[in-house]
Amino acid sequence: MKLLLAGEQTERLVFRKLEPSDFEAWLPFHQDPRTSEFWSGLPQDPRIACEKDFERTFYRYENELGGKQALLHKETHELLGLAGLLVQQVDDRQELEIAYSLLPQFWHRGFATEAALKCKEFAHKNRLAKSLISIIQVNNIPSQKVALNNGMTIDKTTIYSENPVHIYRVSL
């Protein structure tokens, strides 16, 4: 099953696999306390948090579990964030998640919604699942708005990685 959107494009974005050389460009995400304010259990040291993020992503790539990909600005080729489809286990059920994170300087410009819509379109076109989810901490209103913009609704509230989350879902 092809879960990676590498090479896919939107009006303003290009998806490509994350590379080790992206580390320094992605590190500011983990240095900004706002990016982790809703999620407990993350390493306090930004470099370690970024290393763990990259390790999880490369593990996913190697084990065909999808993974977040670099989102590059189509014109400047600057790294704006990460987004993609991830195989997840939620309440003992395998799900396909749309995940997205942006560097804070690119928040509130529609990039997350643009990336999430492309992930949904890609999953639908390739018949990857009957529905998609997004796992969003219950107090993370900005990410919830992206899910709503992507046609998702709250399916349930549960605990995921020791965090209270809403599971947003959209049928394909």
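Owing to the predicted nature of the structure, the values given are computational and were not obtained by experimental measurement.

Caption draft 1: Representation of the overall build of the protein in the model. In terms of regular secondary structure, the protein is built from 4 helices and 7 strands. The order of helices and strands in the protein, counted from the N terminus, is β-α-α-β-β-β-α-β-α-β-β. A compact globule built from 172 residues should have a C-alpha radius of gyration of about 16 Å, and the protein, at 15 Å, falls within 12% of that. With respect to the three principal axes, the spread of C-alpha positions in the protein is 35 × 35 × 30 Å. When burial is assessed residue by residue, the protein has 51% of its 172 residues classed as buried. A separation of at least 24 residues holds for 62% of the contacts in the protein among residues at least 6 apart in sequence. Of the roughly 9,100 Å² of accessible surface on the protein, a fraction of 49% belongs to carbon and sulfur atoms. Side-chain charges in the protein split into 21 positive and 23 negative, and the spacing between the mean points of these groups amounts to 6 Å.

Caption draft 2: Inspection of the environment of Thr35 at higher detail. Within the secondary structure layout, Thr35 lies in the loop between α1 (23–31) and α2 (46–62). Between the alpha carbons of Thr35 and Ser101 there is a distance of 8.6 Å; along the sequence they are 66 residues apart. Here Thr35 is in contact with Phe29, His30, Pro104 and Trp107, once residues within four sequence places are set aside. Polar side-chain contacts of Thr35 include one of 2.6 Å to the backbone oxygen of Phe29.

Caption draft 3: Looking closely at the side chain of Asp32. Mapped onto the secondary structure, Asp32 falls in the loop between α1 and α2. Taking relative accessible area as the criterion, Asp32 reaches 14% and is therefore assigned buried. One polar contact links Asp32 to Arg34, side chain to side chain, over a distance of 2.7 Å.

Caption draft 4: Main features of the pairing of strand β4 (residues 93–102). Of all 10 residues making up β4, 8 are buried, and the element is well covered by its neighbours. Inspection of the sheet shows strand β3 (residues 79–90) paired to β4 by 10 bridges, in the antiparallel sense. Considered in β4, the bridge of Val90 is made with Arg93. Counted between consecutive antiparallel strands, the loop separating β3 from β4 contains 2 residues, among which Asp91 sits at a positive phi close to 50°.

Caption draft 5: Examining the pattern of salt bridges more closely. Tallying each qualifying case throughout the model produces 13 salt bridges. For the salt bridge of Arg12 with Glu114, the shortest nitrogen-to-oxygen distance reads 2.7 Å. In this pair, Arg12 is assigned in the segment before β1 (13–16) and Glu114 in helix α3 (residues 111–125), connecting sequence segments 102 residues apart. The class for Arg12 is partly exposed, based on a relative accessible area of 25%.

Caption draft 6: The arrangement of the packing of aromatic side chains in detail. Evaluated as defined, the whole model comprises 5 aromatic pairs. Seen in terms of ring centroids, Trp26 and Phe29 are 4.4 Å apart; in terms of plane orientation they differ by 10°. Their pairing is stacked. Placement of both Trp26 and Phe29 in helix α1 is noted, with a separation of 3 residues, approximately one turn of the helix. Here Trp26 falls in the buried class, since its relative accessible area comes to 0%.

Thresholds, definitions, all that
- Residue indices begin from 1 for each chain and proceed along its sequence in written order.
- Note on the predicted model: pLDDT of at least 70 is required for a residue's local features to be given, and 80 or more for side-chain atom pairs to be given and counted; whole-chain, interface and lining totals, by contrast, use all residues.
- By convention in this description, side-chain values take in all heavy atoms of the structure and omit both hydrogens and water.
- Working definition: helices are DSSP H or I runs of at least four residues, strands are E runs of at least two. Numbering for both runs from the N terminus.
- All radius of gyration figures rest on C-alpha atoms, and the globule criterion is 2.2 Å times the number of residues raised to 0.38.
- Accessibility here uses a 1.4 Å probe with only protein chains present; expressed as a share of the type maximum, an area under 20% marks a residue as buried, one over 50% as exposed, and anything in between as partly exposed.
- Contacts: residue pairs with any heavy atoms within 4.5 Å of one another.
- Residue-level accessible areas treat just the shown protein chains as cover; the underlying method is Shrake-Rupley with a 1.4 Å probe.
- Asp and Glu are treated as the negative residues and Lys and Arg as the positive ones, with His and the ends of the chain left uncounted.
- Lys charges are placed at NZ, Arg charges at CZ, Asp charges at CG and Glu charges at CD.
- Any pair of N or O atoms that falls within 3.5 Å is considered a polar contact. Within protein, one atom must be able to donate a hydrogen and the other to accept it, and sequence-neighbouring residues count only if both atoms are side-chain atoms.
- At least two DSSP bridges between two strands are required for those strands to pair.
- The working definition used for a salt bridge is a side-chain nitrogen of Lys or Arg within 4 Å of a carboxyl oxygen of Asp or Glu.
- Two aromatic rings, drawn from Phe, Tyr or Trp (for Trp, its six-membered ring), form a pair once their centres lie within 6.5 Å of each other, and the interplanar angle then sorts them: stacked below 30 degrees, edge-to-face above 60, tilted otherwise.

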